[in-house]
Amino acid sequence: MRRPFVAGNWKMNKGPKEAAALAGQILSEIAGVNNVDIAIAPVAISLASVHLVLQNTNLKMAAQNMFYEESGAYTGELSPLMLNEIGCKYAIIGHSERRQIFGEDDELINRKTRAAISHGIQPIVCCGETLEERESGSTNDKVAFQVKAALSGIRMEDASKITVAYEPIWAIGTGRTASPEQAQEVHAMIRNLLAEIFNSAAADQIRIQYGGSVKPANIEELIAKTDIDGALVGGASLKADSFAAIIKACV
Ligand code: PEP
C-alpha cells in the first residue's frame, strides 16, 4: 500500500515573510492529519524562513529545482548540499516550466535526479506531454521517454526514494484537468515502465503524483484511481484552505 504524497509547488510566489505565514496557516489547517506525506516547495529565497516554521512538523520542504554539482562557478544555482543544510527533504526535478522556459533537457534532468539521490534528497521527477503530443497520440511515447531518461542509472535500492509526477503540460495552470481516466491510463503506463526499469516490487512502491489544475473539486475522483498516489499542486497550494482540502481528500 503506497502512502499518498501531496506536494505544493509555489513557483515564483511568496517571498520570505509571506511564505513563512502561509506555511504556518497550512500547518494549522492540517493539524492532526496523518497517513499522508506532505511537502511545500517555496521559492529558493524563502526556504530559510519556511524551514524555521516547519521544524519538527509533518510538513516537509521541497526545493523547486536543484543543480547537480556541490559547489563552484554555477551562478544562480542551488547545490544539493545547501538544500540539505536548509532542510529540504525533496526536490522537484524537471518541471515543465524548467524544461520549456529554461531549456532543461533530459540529460540534465537525469544528472540532477542522480545527484539528488546521492545526497539524500528525494527527487520528484516531472514528466508530461504537450497538447499537440496528446492530440497526435504520442502521449505515452513522450512520457515513457522522459521517465526512462530521467531514471537512467538509478539503482534498484534507490527506487523507493523516487516520486514521479505526471503533469500534462496542457493542464498546468490552465484550469483544464486530465480526466481521472486519462490520468490513470498514463499512470498505469508509467508503473509498467517502472517495473521494466526496476522490477514490479519496486514499481509498486514508487508514488506517482498527478499534477495539472488539481483542486478540492477534482482531487477525490483523481485519487480514487489505482495508480494515482497523490498530487503535485500549483495554484491551489497557494491558499492554505484549498491545499489542506486536497491533502485531506488524499488520506
Ligand atoms: C504545477 O505547476 O506543477 C501545477 C500542477 O500547477 P497547477 O496546479 O497550477 O496547474
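Please read these numbers as outputs of a predicted model, since none were measured by experiment.

### Observations concerning the layout of surface pockets
Counted as a void, the largest pocket has a volume near 480 Å³. Surrounding the largest pocket, 19 residues form its lining, Val43, Gln64, Asn65, Arg98 and Phe102 being those nearest its centre. Of the residues forming the lining of the largest pocket, the biggest block, four residues, is contributed by helix H4 (residues 96-102). Tallied by class, the residues present in the lining of the largest pocket amount to 10 nonpolar, five polar and four charged. Estimates place the volume of the second largest pocket at around 150 Å³. Taken together, Met1, Arg2, Arg3, Pro4, Ile223, Lys225, Thr226, Ile228, Asp229 and Cys250 make up the lining of the second largest pocket.

### Details of the nonpolar core
Core analysis: the largest hydrophobic core is formed by 71 residues, its most contacted members being Ile26, Ile40, Ile162, Ile190, Leu194, Phe198 and Tyr210. Those residues in contact with Leu194 that sit more than four places away from it in its chain are Val147, Leu151, Asn199, Ala203, Ile206 and Ile208.

### Side note on the pairing of strand S2 (residues 37-41)
In terms of burial, S2 is a largely internal element, five of the five residues being buried. Neither face of S2 is exposed, since Asp37, Ala39 and Ala41 on one face and Ile38 and Ile40 on the opposite face are all buried. Sheet topology note: the strand S1 (residues 5-9)/S2 ladder contains five bridges and is parallel. Following the sheet pairing, Val6 is matched in S2 by Ile38.

### A word on the pattern of salt bridges
On inspection of all chains with the given rule, the structure shows 16 salt bridges. Where Arg207 meets Asp37, a salt bridge forms, and the shortest distance between an N and an O atom there is 2.9 Å. Taken as a pair, Arg207 in strand S7 (residues 207-211) and Asp37 in strand S2 lie far apart in primary sequence, 170 residues in all. The residue Lys225 makes a salt bridge to Glu181 at a minimum N-O spacing of 3.5 Å.

### Some remarks on the side chain of Ser242
Following the sequence through the fold, Ser242 ends up in helix H11 (residues 240-250). We classify Ser242 as buried; its relative accessible area is 14%. Here Ala236 takes part through its backbone oxygen, which lies 2.8 Å from a polar atom of the side chain of Ser242. Filtering out sequence-adjacent residues up to four positions away, Ser242 remains in contact with Pro216 and Ala236.

### Regarding helix H5 (residues 106-118)
Side chains that are three or four residues apart share a direction in an α-helix, a result of its 3.6 residues per turn. Given a rise of 1.5 Å per residue, 13 residues ought to cover 18 Å, and the 18 Å separating the end C-alpha atoms of H5 matches this to within 8%. Every buried residue of H5 is accounted for by Ile109, Asn110, Lys112, Thr113, Ala115, Ala116 and Ile117. Those residues of H5 hidden inside the fold are in contact with strand S4 (88-93), H4, strand S5 (122-127) and helix H7 (139-151). Of the residues one or two after H5, Gly120 is the one with positive phi, at around 75°.

About the cut-offs
- Every residue gets a number counted from 1 within its own chain, in the order that chain's sequence is written.
- Reporting of local features is limited, given that this is a predicted model, to residues whose pLDDT is at least 70; pairs of side-chain atoms are given and counted only at 80 or more, and all residues count toward the totals for whole chains, interfaces and linings.
- Side-chain measures were taken over the full set of non-hydrogen atoms in the model, leaving aside hydrogen atoms and water.
- Only protein atoms enter the 1 Å grid, on which a cavity is a set of points fitting a 1.4 Å probe that cannot get out and a pocket is an open set with protein on both sides within 12 Å along at least 5 of 7 lines, lining residues being those with an atom within 4 Å of a point.
- Grid points are joined across faces, edges and corners, and a volume is the space filled by probe spheres set on the points.
- Strands here are runs of E lasting at least two residues and helices are runs of H or I lasting at least four, both read from the DSSP assignment and numbered beginning at the N terminus.
- Throughout this entry, Asp, Glu, Lys and Arg are counted as charged residues, while Ala, Val, Leu, Ile, Met, Phe, Trp, Tyr, Cys and Pro are counted as nonpolar. The remaining residues, Gly among them, count as polar.
- Take the buried Ala, Val, Leu, Ile, Met, Phe, Trp, Tyr and Cys residues and link them wherever side-chain atoms come within 4.5 Å; each set so joined is a nonpolar core.
- Burial status follows relative accessibility: with a 1.4 Å probe on protein chains alone, a residue under 20% of its type maximum counts as buried, one over 50% as exposed, and anything between as partly exposed.
- In what follows, a contact means two residues having at least one pair of non-hydrogen atoms within 4.5 Å.
- Here, strands pair whenever DSSP counts at least two bridges between them.
- Should a side-chain nitrogen of Lys or Arg be within 4 Å of a carboxyl oxygen of Asp or Glu, the pair is scored as a salt bridge.
- Polar contact is defined as a pair of N or O atoms within 3.5 Å, subject to the rule that within protein one atom must be able to donate a hydrogen and the other to accept it, and that residues adjacent in sequence are counted only when both atoms are side-chain atoms.
- Under the convention used throughout, the expected extent of a helix is 1.5 Å for every residue step, that is, one less than its residue count.

Function cannot be read off these values alone, since they describe shape.
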